[in-house]
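Fold and geometry: a report
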Amino acid sequence: MAKNITARSVDYSKWYTDIVLQSKMADYSPVKGSMVIRPNGYAIWEMIQQNLDKMFKDTGHVNAYFPLLIPESFMKKEAEHVEGFAPECAVVTHGGGQPLEEHLYIRPTSETIIWSMYKKWIMSYRDLPILINQWANVMRWEMRTRLFLRTSEFLWQEGHTAHATAEEAEEETVKMLGVYKQFAEEYMAIPVIPGKKTDSEKFAGAKHTYCIEAMMQDRKALQAGTSHNLGQNFAKAFDVQFQDKDGSRSFVYATSWGVSTRLIGALIMTHSDDDGLVIPPKLAQRPVVIVPIWKSDEEKEQVMAYTNAIYDELKADYSIILDDRDQYKPGFKFAEWELQGIPIRIEIGPKDVEKNNVVLVRRDNKQKQFISREGILDKVKSELTQMQADMLDKAREYREEYSYKIDDYDELKKIIANDGGFIYSHWCGDAACEQKVKDETKATIRCIPFERENEKGKCIVCGNESDGRVIFAKAY
RNA sequence: CGGGGUGUAGCGCAGCCUGGUUAGCGCACCUGCCUUGGGAGCAGGGGGUCGGAGGUUCGAAUCCUCUCACCCCGACCA
């Protein structure tokens, strides 16, 4: 059992913080609400970037970079947008020792600066679509912060596209949510439910917002990605019009979509256990660690000769850690690499040299296997593949176990107050009913799932007609 | 901004009430020996403007005043 990590059953929040700090993924910075992402955490972000970026490029997007500082007047151009973001913005008031003529906002998101530029770049339908993404930092002045899940400054990617038609913009919005769903499940092994946000939960300035929602091990929901159809709101605010084939002029249709370093928090809370982090193989920059074991110098020589040959064989395909440090005992090393979530550990001692095999241990289920030296590369490959699949299955099973179809409001209250989970209930579409549930239970409507039964019912709050079930849950 | 709490070595803490040797302890760190298949042991060692400022006193980590910072709980949110 891990030292220094609070068990999930004792204090889930403490467990989460312990994992982040002790696996050396992040640390608190001197400024309240901001954090340092350490190499172990940044490695995961790099893997997220690499794989997502490829998916963006494969769907026709290109990267660019827009500046950090946004003129105050830009922020104020879209009414809903400024209302939504103004309270949580950091503002630069001085530069070069002088008060500024116009205050500059540190971007909480980049719609305004980007659309001010799109105005310059878009003249005709031939200039469309524009499919730009940027990897950047943003800042939102949060009251209460938590490592990775909610920090004032965070890293993300934001896609901003411009289209000639409403249909095309909607298609893009849905497509990118699909990319996020695929990425979450295939790479992060996090099962997600795609759906639409209710009006009260949508992005400030959007026509509507789509999202993917995941369940954490405390049964709370975490929004893992969002995709917004912005309609013509920003085009109108920034007067971005184009001339169509037939000579008519109209406003451009927009989308924006993003995922952030919050995904790392989701990764931790979906897969990790009381011994530490568990990284899905496809996101592990270093998926294998080898721990050689010896007593005498003579043994060391033999074990290391054997180990080095295996290391050379594996390193052609994988980035491998060879932990031959002399000052720590094997047990210590096992615990340390488990804490850091390395997917596969290979133990090699004198007995293995003698029998021509190695011991292989998977991080997710901790099972030890004695495998033969021959074919070790294939075995590593197949175990990593299997582990990736098993992690997704396990997370999906957990989510299903705590998902309920409920038609009685008292029962909803009871479940939320006890174990928690995803509650599928009918809702009439009235914001007042949504608010009532929030006030009384702290649960909110996480999304209106894309895939839902065509089932008429009665709103769980007011009893009016409903076209289908939505998901209620407490959320991060 | 309300309520609660904490500032003493890298981390976690004791000492403060009742002022008085050189400010301690555990972990971590360094050196050596010894160990190595699930977080070893022994010996030696380095490391502190006691959050900051002012005051009381022969003497302040300790008492008084002011101040700063951070954490937890609530109101805002990806």
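**Description of the pattern of salt bridges**
A complete count under the given rule lists 37 salt bridges for this structure. Glu 72 serves as the salt-bridge partner of Lys 76, at 3.5 Å between the closest nitrogen and oxygen. A salt bridge links Glu 185 to Lys 181; its shortest N-O distance comes to 3.2 Å. Residue Glu 185 and its partner Lys 181 are located together in helix α6 (residues 166-186), separated by four residues, close to a single helical turn. In this structure Lys 181 comes out as partly exposed when scored by relative accessible area, which is 26%. Each of Arg 362, Asp 364, Lys 379, Glu 383 and Asp 390 takes part in a single network of salt bridges with overlapping partners.

**Points about the domain arrangement of chain A**
In terms of domains, chain A is made up of domain 1 (2-271), domain 2 (286-385) and domain 3 (403-473). A separation of 50 Å is found between the C-alpha centroids of domain 2 and domain 3.

**Some points on a nonpolar patch on the surface**
Side chains of Tyr 65, Leu 68 and Leu 69 sit close together on the surface and give an oily, nonpolar patch of about 270 Å² of accessible area. Assignment of secondary structure puts Leu 69 in strand β4 (residues 69-71). Judged by its relative accessible area of 34%, Leu 69 is partly exposed.

**Details of the packing of aromatic side chains**
Going through the model one piece at a time under the given rule, you end up with 16 aromatic pairs. Taking 5.0 Å as the distance between ring centres and 70 degrees as the angle between the ring planes, the aromatic pair formed by Trp 115 and Tyr 118 counts as edge-to-face. Of this pair, Trp 115 and Tyr 118 both sit in helix α5 (residues 111-121), separated by three residues, roughly a single helical turn. Per residue, the accessibility class of Trp 115 equals that of Tyr 118, and both read buried. Centre to centre, the rings of Tyr 210 and Phe 450 are 5.1 Å apart; their planes meet at 80 degrees, and the pair counts as edge-to-face. Of the two residues, Tyr 210 is situated in strand β10 (residues 208-215) and Phe 450 in the loop between β22 (444-449) and β23 (457-458); the sequence distance between them amounts to 240 residues. Joined through ring pairs, the aromatic side chains of Trp 45, Phe 56, Trp 135, Tyr 180 and Trp 257 make up one cluster.

**Let's talk about the protein's contact with RNA strand B**
Looking at RNA strand B, there are 36 residues lining it, with Arg 144, Arg 150, Arg 262, Arg 345 and Asp 352 nearest. Taken together, the sugar and phosphate atoms account for 41% of what RNA strand B places within 4 Å of the protein. Taking Glu 347, its side chain carries an N or O atom lying 3.4 Å from a base nitrogen of RNA strand B. Where the surface near RNA strand B is concerned, the elements lending two or more residues are α10 (330-339), β17 (344-348) and α11 (350-355).

**Some details on the sheet that holds strand β25 (residues 469-473)**
Spatial strand order, β3-β7-β8-β14-β11-β10-β9-β22-β25-β21-β20: eleven strands in an open sheet with mixed pairing. Looking at strand neighbours, the two that pair on one side only are β3 (62-63) and β20 (403-405), the edges of this open sheet. Pairing between β3 and strand β7 (residues 130-139): two bridges, direction parallel. When the bridges of β7 are listed, Val 62 appears paired with Ile 132. Those strands touched by α6 are β7, β8 (153-163), β9 (193-196), β10, β11 (221-231) and β14 (253-260), and its axis lies near 10 degrees from that of β14. The strands that helix α8 (residues 262-271) touches are β10, β11 and β14; relative to β11, the one it contacts most, it runs at about 145 degrees.

**Some words on the nonpolar core**
The biggest cluster of nonpolar side chains holds 50 residues, and the ones touching the most others in it are Ile 48 and Leu 52. Secondary-structure elements contributing two or more residues to this core are α1 (12-22), α2 (39-58), α6, β10, β11, β14 and α8. It is α2 that provides the largest number of residues to this core, a total of seven residues. Residues Leu 128, Ala 162, Ala 164 and Val 240 belong to the second largest nonpolar core, which totals 28 residues.

**Quick look at the sheet that holds strand β15 (residues 288-292)**
Across the sheet, five strands lie side by side as β16-β15-β17-β18-β19; this open sheet has mixed pairing. Both edges of this open sheet fall to β16 (320-322) and β19 (368-372), since each of them pairs with a single strand only. Adjacent strand axes in the sheet meet at a mean angle of 25 degrees when their direction is disregarded. For β15 and β16, the ladder comprises three bridges, and the chain directions are parallel. Its bridge partner being in β16, Val 288 is matched across the sheet by Ile 320. Along the sheet, α10 contacts β15, β16 and β17; its crossing angle with β15, the most-contacted strand, is approximately 170 degrees. Docked against the sheet, helix α12 (residues 376-401) engages β15, β17, β18 (357-362) and β19, running at close to 10 degrees with respect to β18.

**A word on the side chain of Ser 466**
Looking at the element boundaries, Ser 466 is found in strand β24 (residues 465-466). A polar contact is formed between the side chain of Ser 466 and the side chain of His 426, at a distance of 2.8 Å. Those residues in contact with Ser 466 that lie beyond four places of it in its chain are His 426, Trp 427, Cys 428, Glu 455, Lys 456, Gly 457, Lys 458 and Cys 459.

**Examining a negative patch on the surface**
Together, Asp 297, Glu 298, Glu 301, Asp 324 and Asp 326 make up a negatively charged patch on the protein surface. Topologically, Asp 324 is positioned in the loop between β16 and α10.

**Considerations on α6**
Residues that lie three or four places apart on an α-helix share one face, since the helix turns once every 3.6 residues. Taking 1.5 Å as the rise per residue, α6 with 21 residues should run 30 Å; its terminal C-alpha atoms sit 30 Å apart, in good agreement. When α6 is considered as a whole, its buried residues turn out to be Ala 169, Glu 172, Thr 173, Met 176, Leu 177, Val 179, Tyr 180, Phe 183, Ala 184 and Glu 185.

**As for the side chain of His 81**
Position of His 81 relative to the elements: it lies in helix α4 (residues 79-85). Within polar-contact distance, the side chain of His 81 engages the backbone oxygen of Ala 204 at 3.1 Å. In this structure His 81 touches Met 75, Thr 109, Glu 111, Thr 112, Phe 203, Ala 204, Gly 205 and Phe 234, once residues within four positions along its chain are discounted.

Analysis parameters
- Residues numbered from 1 in each chain as written.
- Chains lettered and ligands numbered in written order.
- Predicted model: local features only at pLDDT ≥ 70, side-chain atom pairs only at ≥ 80, totals over all residues.
- Heavy atoms only, no water.
- Salt bridge = Lys/Arg side-chain N within 4 Å of Asp/Glu carboxyl O.
- Helix = DSSP H or I, 4+ residues; strand = E, 2+ residues; numbered from the N terminus.
- Buried < 20%, exposed > 50% of the residue type's maximum accessible area, 1.4 Å probe, protein only.
- Domains from an automatic or database assignment.
- Patch = residues over 30% accessible without salt bridge, like charges linked within 9 Å, V, L, I, M, F, W, Y side chains within 5 Å.
- Areas by Shrake-Rupley, 256 points an atom, 1.4 Å probe, with all protein chains shown as cover.
- Phe/Tyr/Trp six-rings, centres within 6.5 Å; stacked < 30°, edge-to-face > 60°.
- Near = heavy atom within 4 Å.
- Polar contact = N/O pair within 3.5 Å; in protein donor to acceptor, adjacent residues only side chain to side chain.
- Pairing = 2+ DSSP bridges.
- Contact = heavy atoms within 4.5 Å.
- Axes fitted to C-alpha atoms, helices over the stretch in contact; angles between N-to-C directions.
- Core = buried A, V, L, I, M, F, W, Y, C linked by side-chain atoms within 4.5 Å.
- Lys, Arg positive; Asp, Glu negative; His and termini not counted.
- Charge placed at Lys NZ, Arg CZ, Asp CG, Glu CD.
- Expected span 1.5 Å × (residues − 1).

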